[in-house]
Amino acid sequence: MHHRHTIRTRVATALAAAGVAASSLAALSVGSGTAHAETVAPLERCWGISPNIVDQPYSTARLFVSQTGPGTVTAAVRDISSFWTFSGGYESAGRLDWHNLNNNRKGTAFNTAKIALFVGGPTFALNTGPGKVRVTLSAVNRNALWAIPTTACSGTITVR
């Protein structure tokens, strides 16, 4: 019986220590003032074929959004990939048109990224001001031989 009690005490002590460590880490990240939670913004699905043809299709339906300051965010595409990693993958020239529905500001952001296996996708820096922002994503994917445009897809992000 003494052996079970000792094991329970050790487990309880370890769990309590882990809880203290986790709350200390949370306090550090909250207190730093620089950490912002990333949110996932759904989009209609964008479609396109890879310029490498025998490859994974270009297909994304969300943006990963991080607040970078008041009225500014980064919006990243991460759901695209290429099997052709060792031959260089392909390049995706992304375009993100935005319209802030609260202040009526509009703009366009561009970014080009290399697409490889589980890596890649354009990231856009947006200075929209706070509010609900309608976004439309499109891209032109290219390799050394040709360029193939994707369909456009839209959604709404919230900028604080």
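Data block above holds the structure.
Everything in this summary refers to the structure shown in the same document. (Residues numbered from 1 in each chain as written. Predicted model: local features only at pLDDT ≥ 70, side-chain atom pairs only at ≥ 80, totals over all residues. Heavy atoms only, no water.)

1. Quick word on the pairing of strand S3 (residues 72-76)
Part 1 of the reasoning: Judged by how many residues are buried, S3 sits mostly within the fold: four of five residues are covered.
Part 2 of the reasoning: Note that strand S2 (residues 58-69) and S3 share five bridges and pair antiparallel. Bridging across to S3, Gly 69 finds its partner in Thr 72.
Part 3 of the reasoning: What sits between S2 and S3 in their antiparallel hairpin is a turn of two residues, with Gly 71 showing a positive phi close to 75 degrees.
Part 4 of the reasoning: Here five bridges tie S3 to strand S6 (residues 123-127), and the two strands are oriented antiparallel to one another. Bridging from a neighbouring strand, Val 73 pairs with Leu 126 of S6. (Buried < 20%, exposed > 50% of the residue type's maximum accessible area, 1.4 Å probe, protein only. Helix = DSSP H or I, 4+ residues; strand = E, 2+ residues; numbered from the N terminus. Pairing = 2+ DSSP bridges.)

2. Focus on the nonpolar core
Part 1 of the reasoning: Membership of the largest hydrophobic core comes to 24 residues, with the highest contact counts inside it found for Leu 63, Leu 96, Leu 126, Val 135, Leu 137 and Ile 157.
Part 2 of the reasoning: Counting only elements with at least two residues in this core, the list comes to strand S1 (38-48), S2, S3, strand S4 (90-100), strand S5 (106-115), S6, strand S7 (131-142) and strand S9 (153-159).
Part 3 of the reasoning: Per-element tally for this core: the top contributor is S7, with four residues. (Core = buried A, V, L, I, M, F, W, Y, C linked by side-chain atoms within 4.5 Å.)

3. Quick word on the packing of aromatic side chains
Part 1 of the reasoning: This structure, assessed with the given rule, holds zero aromatic pairs.
Part 2 of the reasoning: The cationic tip of Arg 78 hangs over the ring face of Phe 64; the distance from NZ or CZ to the ring centre is 4.7 Å. (Phe/Tyr/Trp six-rings, centres within 6.5 Å; stacked < 30°, edge-to-face > 60°. Lys NZ or Arg CZ within 6 Å of the ring centre and 35° of its normal.)

4. Focus on the pattern of salt bridges
Part 1 of the reasoning: Evaluated as defined, the whole model comprises four salt bridges.
Part 2 of the reasoning: Asp 79 serves as the salt-bridge partner of Arg 62, at 2.8 Å between the closest nitrogen and oxygen. Taken together, the residues span a long stretch of sequence, with Arg 62 in strand S2 and Asp 79 in the loop between S3 and S4 at a distance of 17 residues.
Part 3 of the reasoning: According to the relative accessible area criterion, Arg 62 is partly exposed, its value standing at 35%.
Part 4 of the reasoning: A relative accessible area of 29% places Asp 79 in the partly exposed class.
Part 5 of the reasoning: Linking Arg 95 and Asp 97 is a salt bridge whose minimum nitrogen-to-oxygen distance equals 3.0 Å.
Part 6 of the reasoning: Owing to a relative accessible area of 22%, Asp 97 belongs among the partly exposed residues under this scheme. (Salt bridge = Lys/Arg side-chain N within 4 Å of Asp/Glu carboxyl O.)

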